[in-house]
Protein chains: 10
Amino acid sequence: MLFHARMDVRIPLDMDPEVKADLVAREKAYAQEVQESGRWPHLWRIVGEYANVSIFDVESNDALHELLSGLPLFPYMDITVTPLAKHPSDINA
Amino acid sequence: MLFHARMDVRIPLDMDPEVKADLVAREKAYAQEVQESGRWPHLWRIVGEYANVSIFDVESNDALHELLSGLPLFPYMDITVTPLAKHPSDINA
Amino acid sequence: MLFHARMDVRIPLDMDPEVKADLVAREKAYAQEVQESGRWPHLWRIVGEYANVSIFDVESNDALHELLSGLPLFPYMDITVTPLAKHPSDINA
Amino acid sequence: MLFHARMDVRIPLDMDPEVKADLVAREKAYAQEVQESGRWPHLWRIVGEYANVSIFDVESNDALHELLSGLPLFPYMDITVTPLAKHPSDINA
Amino acid sequence: MLFHARMDVRIPLDMDPEVKADLVAREKAYAQEVQESGRWPHLWRIVGEYANVSIFDVESNDALHELLSGLPLFPYMDITVTPLAKHPSDINA
Amino acid sequence: MLFHARMDVRIPLDMDPEVKADLVAREKAYAQEVQESGRWPHLWRIVGEYANVSIFDVESNDALHELLSGLPLFPYMDITVTPLAKHPSDINA
Amino acid sequence: MLFHARMDVRIPLDMDPEVKADLVAREKAYAQEVQESGRWPHLWRIVGEYANVSIFDVESNDALHELLSGLPLFPYMDITVTPLAKHPSDINA
Amino acid sequence: MLFHARMDVRIPLDMDPEVKADLVAREKAYAQEVQESGRWPHLWRIVGEYANVSIFDVESNDALHELLSGLPLFPYMDITVTPLAKHPSDINA
Amino acid sequence: MLFHARMDVRIPLDMDPEVKADLVAREKAYAQEVQESGRWPHLWRIVGEYANVSIFDVESNDALHELLSGLPLFPYMDITVTPLAKHPSDINA
Amino acid sequence: MLFHARMDVRIPLDMDPEVKADLVAREKAYAQEVQESGRWPHLWRIVGEYANVSIFDVESNDALHELLSGLPLFPYMDITVTPLAKHPSDINA
């Protein structure tokens, strides 16, 4: 089941650089682990912004919330989730 | 080069049903032809709305505008385009 | 799996009264049939508006879109869907 | 009498972790006590956000404000309240 | 129990003048009848707009929706309702 | 001459509790003094928010600005003023 | 007593040209008469828009509403009124 | 003196095709004439929209309004004008 | 050449009172000097807000930016500039 | 390939003046280097704001994101990118 998410990152400008580096490294590791599992099939940067567009493929709403709230950057992000359905003109649907 | 687009369809409620059916059929044929070409890799319906989220893979901004303005439904849609870049945590990038 | 939806009805002011009465009657029958099935557990009117807040309990995003796009009033409504998850403080969760 | 509320939590990122843990624990206890009383029949998490959708069943506007302003997290939340009425198509109304 | 409502009137510009005059006359009669009953204690025009700010004093949300949806101009208005509570600094509360 | 005002209070979360208590006490005293003078005939709390809706009855725009900017909480509030006029359907006008 | 108003004109695109010419002529005559009276001291066009910014000098809110609702174009305009006060740095105040 | 303008075209969907073709042809001729004069140095299409971003180089605000309101499509466009100044980092300024 | 500006002042609540007093005094002196020069013909307070509406009469966009960015409060203000043109119904134009 | 960007600068008001001076100097050097390369053909100040409108000419979305995220002020800016295409009425296209 697919979901679209836009995530805007708002790390405080005065965060300690080491704390930030560690946070960003853990975010990357987590993101890649979820991608490997097949549950985060697409992840793109929005040009000019510290933000991404993501597609998630999960079994339920609860599973998606658990995944997202587990992101190390979760407390520093504004996330908007949009549920997706098959499009009647999609040649792969 | 990837672009994200959200398209909201606003066909007038009083459009002649045959005209509308023809328009929608031509839209579907056009959309599928572009998908076959590899330039429209993803097309999803937004749940509960007559709208879609699409990902386009084109060589230039001009090519994307030509593609979008050629959609039979173009005069009846509000389209918002967002350019995408590689994300540093994307395992496929 | 639960979803929240807000639906704003915008029937054209000049719709033929008989056509409108028939449409509204079919909407009611459809809504009640879905409620009986257990997939539309809550339906409330927003005070002062021709709009409702609904909770849906469906198996997937695709199922929800099929349900919503089957509403007789679908072409005349603006619908916004929000996916819901269990809340950690919910005593029934 | 039913009311819909959306609550967005904005706890300062630099709050002392013990203070925050205590605050969140008191919020949960308060929320569960109100739920037990029957005055907060529904409480859902919005997927991907530190926010909830709630339904309250109270005797008056004053009672609802007293309930909400008593929430331990009240100073850290943006709350929007919408009054609800019976929907003519609700099979339980 | 008090509610605040803002009502914006949007009568179609091409409505037949007699139909409009009759509609507005019925609106005025209805509004004055509700005022006489004590359930619409305040009604003010917003300067420069075809809109009003109203205060209603009703026994319940359902009563307010019934009152508002009975307005002859209801199909031609955008109404936003806000529930009010006693203010701790109000000398009359 | 009547004016509608919505006031949203935004006291910094880290204000010293004694300073805040004093500020709020002075605000209440000021508000009650103005009410006693007849220039602030209505003051209501918005349910679920640290905000109020007020009606002022003053002789001029300058008088209203002087009154509002004299509020002890003025530096901590977002205020929106809307001028009101007699409504043709008001039975008291 | 001064008020700021922004007025956006939305004449229907299909209005009969003679009807429109007459309407616009009457608007101009009315606007100039009010200017002559000293109650509309400033009237500017917003560059690129069919809109204006105006300053009115009237004795009361009711007087301003009467003046504005008497504009021949009133049914075709969106008007937003903002009350003005003396500025402490104004050398003429 | 430079100005930035965004223009969104909203031609009615039911405009007679010949009338529309004539209108669009006159718009193009007018736009090219102004470009030739050096007063409209840049004109770009916004990808996916019937809209443009333009830069104008004119002697005054009045000259810009005269230029814009003379566009054959002026009654069918929403235009937003932003005045531009030299940027201190511009290597050509 | 006339421009309309709305300026909202946002001085940090924790600014040192002496620093603030000095800043505000310098702002006033600067504002009055520009007014004396004839380039700031109107300056009004918006009722209930720490904000003003101003009209500037300057020779160019660059001159206006230089004037505005020289305001001692410039770093603490949100300013929106709108270019104005002669209105065809203005009796003084 | 052309892109339009609006950049709003939000440097914290309490940044150390030397740190800020260094940051702004590096921003200017970077901006001028990119301009020299031909990839940043236009850069304008928005009158009255600490903001600019820019046109970029780059080979791809990825190249633009790399360019923008390399700006020394990038962490302190809100940037909105809009892809541009040739306009059919552009005499140079």
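Below is a short write-up of the structure. Bear in mind the structure is a predicted one, so any value in this text is a computation, not a measurement.

**Details of the relation of the copies chain H and chain J**
Here is step 1 of the chain: Superposition record for chain H on chain J: RMSD 0.0 Å, screw rotation 180 degrees, translation along axis 0.0 Å. The two molecules are tied by a two-fold rotation axis, judged by turn and shift.
Here is step 2 of the chain: Interface overlap between copies: 100% of the residues of chain H at the interface are likewise at the interface in chain J, consistent with a symmetric, same-surface contact.

**Describing the environment of F:Leu13**
Here is step 1 of the chain: Relative to the helices and strands, F:Leu13 resides in the loop between strand 1 (2–9) and helix 1 (17–36).
Here is step 2 of the chain: In sequence terms F:Leu13 and F:Val47 are 34 residues apart; their C-alpha atoms lie 20 Å from each other.
Here is step 3 of the chain: Apart from residues no more than four positions distant in its own chain, F:Leu13 is found in contact with D:Pro12, D:Pro75 and D:Tyr76.

**A look at the interface of chain H and chain J**
Here is step 1 of the chain: The partner chain J presents 26 residues to the 26 residues of chain H that form the contact.
Here is step 2 of the chain: Summed over both partners, the interface of chain H with chain J buries about 2,500 Å², with 63% contributed by carbon and sulfur atoms.
Here is step 3 of the chain: Of all residues in chain H, the largest losses of buried area upon contact with chain J belong to H:Trp44, H:Arg45 and H:Ile91, amounting jointly to 24% of the total for that side.
Here is step 4 of the chain: One can count 0 salt bridges joining chain H with chain J.
Here is step 5 of the chain: The interface formed by chain H and chain J contains 14 residue pairs in polar contact (both at pLDDT 80 or more).
Here is step 6 of the chain: Elements with a contribution of two residues or more to the side of chain H that touches chain J: strand 1 (2–9), helix 1 (17–36), strand 2 (42–46), strand 3 (51–57) and strand 4 (77–86) of chain H.
Here is step 7 of the chain: Two elements, strand 2 of chain H and strand 4 (residues 77–86) of chain J, share 3 bridges in a ladder whose sense is antiparallel. Bridge pairing in strand 4 of chain J places H:Arg45 opposite J:Ala85.

**A word on the layout of surface pockets**
Here is step 1 of the chain: Estimated volume of the second largest pocket: approximately 1,500 Å³.
Here is step 2 of the chain: Considering the residues around the second largest pocket, the lining is formed by 31 residues, among which J:Arg10, J:Ile11, J:Pro12, J:Leu13 and J:Asp14 are closest to the centre.
Here is step 3 of the chain: Only strand 4 (77–86) of chain I together with strand 1 (2–9) of chain J provide two or more residues apiece to the lining of the second largest pocket.
Here is step 4 of the chain: Taken together, the residues of the lining of the second largest pocket sort by class into 19 nonpolar, 1 polar and 11 charged.

**Digging into the interface of chain A and chain B**
Here is step 1 of the chain: Each partner contributes residues to the interface: chain A has 26 residues there, and chain B has 26 residues.
Here is step 2 of the chain: In this assembly, chain A packs against chain B so that about 2,500 Å² is buried in total across both faces, 63% of it on carbon and sulfur atoms.
Here is step 3 of the chain: On the chain A side of the contact with chain B, A:Trp44, A:Arg45 and A:Ile91 bury the most area, a combined 24% of that side's loss.
Here is step 4 of the chain: Remark: the boundary between chain A and chain B carries 0 salt bridges.
Here is step 5 of the chain: The tally of links between chain A and chain B comes to 14 residue pairs in polar contact (both at pLDDT 80 or more).
Here is step 6 of the chain: Of all the secondary-structure elements, those providing two or more residues to the side of chain A that touches chain B are strand 1 (2–9), helix 1 (17–36), strand 2 (42–46), strand 3 (51–57) and strand 4 (77–86) of chain A.
Here is step 7 of the chain: Tallied by class, residues from the side of chain A that touches chain B come to 13 nonpolar, 8 polar and 5 charged.

Definitions and cut-offs
Residues numbered from 1 in each chain as written. Chains lettered and ligands numbered in written order. Predicted model: local features only at pLDDT ≥ 70, side-chain atom pairs only at ≥ 80, totals over all residues. Heavy atoms only, no water. Least-squares fit on C-alpha atoms with pLDDT ≥ 70 in both. Contact = heavy atoms within 4.5 Å. Helix = DSSP H or I, 4+ residues; strand = E, 2+ residues; numbered from the N terminus. Buried area = accessible area lost by both parts, 1.4 Å probe. Salt bridge = Lys/Arg side-chain N within 4 Å of Asp/Glu carboxyl O. Polar contact = N/O pair within 3.5 Å; in protein donor to acceptor, adjacent residues only side chain to side chain. Pairing = 2+ DSSP bridges. 1 Å grid on protein atoms, 1.4 Å probe; cavity = no way out; pocket = protein on both sides within 12 Å on 5 of 7 lines; lining within 4 Å. Points joined across faces, edges and corners; volume = space filled by probe spheres on them. Nonpolar A, V, L, I, M, F, W, Y, C, P; charged D, E, K, R; others polar.

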